[in-house]
Amino acid sequence: MSQRKTRVRFAPSPTGTLHIGGVRTALYNYLFAHKNNGDFIIRIEDTDQQRFVEGAENYIMEALNWLGINPTESPVHGGPFGPYRQSERKEIYQKYAQQLVDSGNAYYAFDTAAELEEMRKRLVEAKSSNQQYNAATRMEMRNSLTLNVEEVNQLLEAHKPYVIRIKLPENENVHFTDIIRGDISVNTANMDDKVLFKSDGMPTYHLANVVDDYLMEISHVIRGEEWLPSAPLHVLLYRYLGWEDKMPQFSHLPLILKPDGNGKLSKRDGDRLGFPVVPLDWTDPATGNITNGYREHGYLPKAVLNFLALLGWNDGTEKEVFSLEEMIASFSLERINKSGAKFDFEKAKWFNHHYLQLMSNDELAAELLPKFIANGYSTTEEYILKIVGLLKERSNFTDDILKQSTFFFDPPAAYDDAILSKKWKPQFMEVFKGWKDTFTEMCDFTPSQIEVNSKMYLENREVGIGSVMQPFRILITGVSNGPSVFEICSILGQSEVIARMETGLNHIAKLEKV
Ligand code: GLU
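Just so you know, these numbers come straight off a predicted model, no measurement behind them.

**Student:** Please give an account of the overall build of the protein that cites residues and values.
**Tutor:** Of regular secondary structure, the protein possesses 21 helices and 13 strands. In summary, the protein has a C-alpha radius of gyration of 33 Å against a globular reference of 24 Å for 514 residues, an excess of more than 25%. Expressed along its principal axes, the backbone C-alpha trace of the protein runs to roughly 110 × 55 × 40 Å. Intrachain contacts of the protein at a sequence separation of at least 6 include 72% that bridge at least 24 residues. Carbon together with sulfur atoms contributes 49% to the accessible area of the protein, which is approximately 24,700 Å² in total. With 56 positive and 70 negative side-chain charges, the protein shows a spacing of 3 Å between the two charge centroids.

**Student:** Could you give me a rundown of the site of the ligand, with the residues and numbers involved?
**Tutor:** The local shell around the ligand consists of R9, A11, P12, S13, E45, Y205, N209, R223 and W227. For the ligand, a nitrogen atom lies 2.7 Å from a polar atom in the side chain of E45. The separation between an oxygen atom of the ligand and a polar side-chain atom of Y205 is 2.8 Å. When isolated, the ligand has an accessible area of 300 Å², and the protein chains bury 84% of it. Among the detected pockets, the ligand sits in the largest pocket. Here the shell around the ligand is composed, by residue class, of four nonpolar, two polar and three charged.

**Student:** I'd like a description of the sheet that holds strand β4 (residues 163-166), backed by residues and values.
**Tutor:** The antiparallel open sheet is built from three strands, whose spatial order is β3-β4-β7. One side of each edge strand has no neighbouring strand; the edge strands of this open sheet are β3 (106-109) and β7 (195-198). On average, each strand axis in the sheet is inclined to that of its neighbour by 30°, with strand direction left out of account. Note that β3 and β4 share four bridges and pair antiparallel. Within β4, the residue paired with A109 across the bridge is V163.

**Student:** For the nonpolar core, give the residues involved together with the corresponding values.
**Tutor:** Judged by nonpolar contacts, the single largest core of 111 residues is most densely connected at F343, F408, F432, W435, F439 and F472. A total of nine residues in this core trace back to one element, the largest contributor, which is helix α1 (residues 20-35). Counting residues in each nonpolar core, the second largest holds 41 residues, with Y93, A106, Y162 and Y240 among its members.

**Student:** Kindly report on the packing of helix α17 (residues 428-441) against helix α21 (residues 494-513), identifying the contributing residues and their values.
**Tutor:** Helix packing geometry: the angle between the two helix axes and the distance between the axes. The interhelical angle for the contact between α17 and α21, taken along N-to-C directions, is 170°, at an axis separation of 10 Å. As summarised for this structure, α17 and α21 are arranged roughly antiparallel, according to the angle between their axes. α21 is crossed by α17, and the crossing has left-handed handedness. Residues M429, F432, K433, W435, K436, F439 and T440 of α17 pack against Q494, V497, I498, M501, E502, L505, I508, A509 and E512 of α21.

Conventions adopted
- Residues numbered from 1 in each chain as written.
- Predicted model: local features only at pLDDT ≥ 70, side-chain atom pairs only at ≥ 80, totals over all residues.
- Heavy atoms only, no water.
- Helix = DSSP H or I, 4+ residues; strand = E, 2+ residues; numbered from the N terminus.
- Rg over C-alpha atoms; globule rule 2.2 N^0.38 Å.
- Contact = heavy atoms within 4.5 Å.
- Areas by Shrake-Rupley, 256 points an atom, 1.4 Å probe, with all protein chains shown as cover.
- Lys, Arg positive; Asp, Glu negative; His and termini not counted.
- Charge placed at Lys NZ, Arg CZ, Asp CG, Glu CD.
- Near = heavy atom within 4 Å.
- Polar contact = N/O pair within 3.5 Å; in protein donor to acceptor, adjacent residues only side chain to side chain.
- 1 Å grid on protein atoms, 1.4 Å probe; cavity = no way out; pocket = protein on both sides within 12 Å on 5 of 7 lines; lining within 4 Å.
- Sits in = over half its atoms within 2 Å of the grid points.
- Nonpolar A, V, L, I, M, F, W, Y, C, P; charged D, E, K, R; others polar.
- Pairing = 2+ DSSP bridges.
- Axes fitted to C-alpha atoms, helices over the stretch in contact; angles between N-to-C directions.
- Core = buried A, V, L, I, M, F, W, Y, C linked by side-chain atoms within 4.5 Å.
- Buried < 20%, exposed > 50% of the residue type's maximum accessible area, 1.4 Å probe, protein only.
- Parallel < 35°, antiparallel > 145°, perpendicular 65-115°, else oblique.
- Left-handed = near helix turned anticlockwise from the far one by under 90°.

This is the structure in structure tokens:
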């Protein structure tokens, strides 16, 4: 028997920005497809016209492209199973909705919003355990099961608004196996005769999703946990449409939880706790509000992919750092956890630090040069290269290098006087003046030469190097911590170091007088 080709899809609705949970879903689909020499498809589920947001589809495509998780088929890439945008497939769904009505597995319902609300109230008042539109209630409503054929035809001809609902069995356990969660069984008495199609000619998510998964020959549905309650309905749709033997295997991914584990991570948590929860900056077209993204925050795609992959999956070892190729090689749906994964922003930063160190200094310098120039520094790539070499290890993000570099361009505008006055001793003035003079005589201003020269001088003067290093650093940079001060001096150059020491000592002289 020939095995079915692995075909998976990421099926976002273009209703706004893309939460990182959605990005993780896309990533897992991508990994699974590549692991099994299969196809990764992007299908845009835009049948809900009320929730459609301009620009959202482009945003999704741009985000996935930035991360390098590109599809084999999509609205942009095309492919043999297109169109890949549901709004362009309207006629297809109409046919299957009709087929379900004709086979007695779906029916027309004409109930108005007020009538539905009345039903709900009645059931609440009667303290009914079931407030759904299903076998227990449908015979009290206005639909093609309670009206006769002429009445139904009249209503349809008069273009009265209607919906087509699935007709669920009254009391049946619907079973299916979820690869991550095992056997699932739900009784139809607890389910709703969900709407499949509306009189505006548009299918709902459920019908369009199942029809497209079938027609696009999807072998595995890998999606968020929030769709688990819909799966039994989808199983019944496969049965009613006669496609049971082509039903995909389901995997419902765990939620991504807030850092404290209390509930689902939301966009608001990101704003509140100061970290991004979306891949790229997103401007809400209705309000103009901007949600900050990982890209603009300075994250590297490799770091985002790595930390997202581990939110709910591991390879069974302690290994944490994975390239995309390694993730593909080790990925399996069976190793995805059932329980929610706590979002850990510190870990995300840790990953970015790791991947930043793997970037070459040349690459970083080339990326940073325009930013330095935009910040008003007239400089060269050669100079930036030196700074990068020194600051990279102390940085989580490319921009951290920029932020820590002020003293490489400008002498201190202010000094850390609190530390200075604590560490400074009156006898240092003479020591520092002599120290400065030794710099004048140096011909090779390398970090090691500056260090050797300084140590020798201080030893001769019988001054412990430990007691003067912090004041020295403050005179040169204004601040009390940073990378090796000898390295800094070497980058600044002899005359600049001497000038800074002079200015710094004048500053201290004024301080001492106070
Ligand atoms: N359109 C659904 C969503 O936005 C897709 C769910 C599914 O993958 O079946 O999440």
